[in-house]
Protein chains: 2
Amino acid sequence: MIPVVAQDYRTGEVLMLAYMNEEALKATLSTGIVHYWSRSRRKLWKKGESSGHLQLLKEVLVDCDGDTLLVKVEQRGGACHTGYRSCFYRTINGKITQKRLFDPDEVY
Amino acid sequence: MIPVVAQDYRTGEVLMLAYMNEEALKATLSTGIVHYWSRSRRKLWKKGESSGHLQLLKEVLVDCDGDTLLVKVEQRGGACHTGYRSCFYRTINGKITQKRLFDPDEVY
């Protein structure tokens, strides 16, 4: 299982960090839709399956050590289950840096 | 210990993924120069200490779960010890997508 950084292929915005195992990577490459391995649910996780906020795969890059991936994606809706475009929506001091795109109560 | 994504604060380019523990985060915040925790050497790692390719801290963002950081940095030189600007210099199919910035043999 390796960490995967998802980045908006147009804006360069970093959307989230999640994990893939071999199954998730194969599903991602064969379907063109990003799949992760959910560590909490211990199962394959098609990102956006319930919300419709899919990540359409544009490119997969590997880091120098071969133990991290960067996926460039077209993000439908918001990447974050809290309603923000990116999971990185606040600074370490707690300041919110984005506007909510959607109300999670209406989506999930 | 948590994963940390380093991103060029000007271009949005994702430079690398590394790890911080509490000591590394404190050193980063107090000095304004990014420090990681080296998992292989099991010690505090001031990024660029030997190469001069420092990362000057611009912003620290936390993800929704509070278990990943995104640091926006001014990258001096290249982030990757192989001589590339970013550690993500090749696709999953092995195609090199960047030009080398420096010769590692001359720097290390």
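Residues numbered from 1 in each chain as written. Chains lettered and ligands numbered in written order. Predicted model: local features only at pLDDT ≥ 70, side-chain atom pairs only at ≥ 80, totals over all residues. Heavy atoms only, no water.

A. Just helix α1 (residues 22-31) of chain A, in detail. Residues and elements named next belong to chain A. Taken residue by residue, α1 has Ala-24, Ala-27 and Thr-28 as its buried positions. Within α1, the buried residues cover an arc of 100° as seen down the axis, which keeps them to one side. Summarising the geometry of α1, the exposed residues directed more than 90 degrees from the buried face are Glu-22, Lys-26 and Ser-30. For α1, the secondary structure elements touched by its buried residues are β2 (14-20), β3 (35-38), β4 (43-46) and β5 (55-62). Two residues or fewer after α1 comes Gly-32, characterised by a positive phi angle close to 75°. (Buried < 20%, exposed > 50% of the residue type's maximum accessible area, 1.4 Å probe, protein only. Helix = DSSP H or I, 4+ residues; strand = E, 2+ residues; numbered from the N terminus. Arc of directions from axis to C-beta. Contact = heavy atoms within 4.5 Å.)

B. Molecular detail of the relation of the copies chain A and chain B. By a simple turn and slide, chain A fits onto chain B: the slide is 0.0 Å along the axis, the RMSD is 0.0 Å, and the turn is 180°. Both chain copies can therefore be described as sitting about a two-fold axis. No C-alpha of chain A approaches the rotation axis more nearly than that of Gly12(A), which lies at 2.6 Å. Most of the interface of chain A is mirrored in chain B: 100% of its interface residues are interface residues there too. (Least-squares fit on C-alpha atoms with pLDDT ≥ 70 in both.)

C. The sheet that holds strand β1 (residues 2-8) of chain A, seen in detail. If you trace the 5 strands from one edge of the open sheet to the other, you get β2(A)-β1(A)-β6(A)-β5(A)-β7(B), paired in mixed fashion. What marks the edges here is a single partner per strand, and that holds for β2 of chain A together with β7 (90-91) of chain B. By the bridge criterion, 5 bridges tie β1(A) to strand β6 (residues 69-75) of chain A in an arrangement that is parallel. Of the residues in β6(A), the one forming a bridge with Asp8(A) is Val73(A). (Pairing = 2+ DSSP bridges.)

D. Layout of the packing of aromatic side chains. With the rule as written, the count across this model stands at 6 aromatic pairs over all chains. Measuring from centroid to centroid gives 4.0 Å for Tyr84(A) and Tyr89(A), while their planes differ by 10°, and the two rings are stacked. For the residue pair Tyr84(A) and Tyr89(A), the accessibility class agrees, reading buried in each case. Pairing Phe102(A) with Tyr108(A) gives two aromatic rings, centres 6.5 Å apart and planes at 55°, and the pair type is tilted. Over the ring of Tyr9(B) we find Lys58(B), and its NZ or CZ is 4.9 Å from the ring centre. (Phe/Tyr/Trp six-rings, centres within 6.5 Å; stacked < 30°, edge-to-face > 60°. Lys NZ or Arg CZ within 6 Å of the ring centre and 35° of its normal.)

E. Here's a closer look at the confidence of the model for chain A. Overall, the predicted model of chain A reaches an average pLDDT of 97, with 100% of residues at or above 70. On the interface metric, ipTM, the complex scores 0.96, and its pTM is 0.97. (pLDDT = per-residue confidence, 0-100.)

F. Broad picture of the UniProt feature "binding site: Zn(2+)" (unreviewed entry) in chain A. Residues annotated by UniProt as "binding site: Zn(2+)" (unreviewed entry) correspond here to Cys64(A), Cys80(A) and Cys87(A). Maximum C-alpha separation among the annotated residues is 27.8 Å over a sequence range of 24 residues, too wide for a single clustered spot. As for its placement among the helices and strands, Cys64(A) is situated in the loop between β5 and β6. Filtering out sequence-adjacent residues up to four positions away, Cys64(A) remains in contact with Cys80(B), His81(B), Thr82(B), Cys87(B), Tyr89(B) and Arg90(B). (UniProt positions renumbered as here; feature names shortened; annotations may be inferred.)

G. Seen up close, the pattern of salt bridges. A full pass over the atoms with the stated rule returns 10 salt bridges over all chains. When the shortest N-O distance is used, the salt bridge between Arg39(B) and Asp67(A) registers 3.9 Å. Separated into two different chains, Arg39(B) in the loop between β3 (35-38) and β4 (43-46) and Asp67(A) in the loop between β5 and β6 make up a pair that spans both. A salt bridge links Arg85(B) to Glu13(B); the nearest nitrogen and oxygen atoms lie 3.9 Å apart. Of this pair, Arg85(B) sits in the loop between β6 (69-75) and β7 while Glu13(B) is found in the loop between β1 (2-8) and β2 (14-20), placing the two residues 72 residues apart along the sequence. (Salt bridge = Lys/Arg side-chain N within 4 Å of Asp/Glu carboxyl O.)

H. Focus on the pairing of β3(A). Every second residue of β3(A) is oriented toward a common face, with His35(A) and Trp37(A) on one face and Tyr36(A) and Ser38(A) on the other, all of them buried. Turn length for the β3(A)-β4(A) hairpin, with the two strands adjacent in sequence and antiparallel, is 4 residues, and the turn residue Arg42(A) shows positive phi of about 55°.

I. Geometry of the pairing of β1(A). Residues and elements named next belong to chain A. In terms of residue burial, β1 counts as a mostly covered element, since 6 of its 7 residues are buried. Across 6 bridges, β1 lies against β2 in antiparallel orientation. Across the sheet, residue Pro-3 finds its bridge partner in β2, namely Tyr-19. The hairpin turn running from β1 into β2, its antiparallel successor, is 5 residues long, and Gly-12 in that turn takes a positive phi close to 85°.

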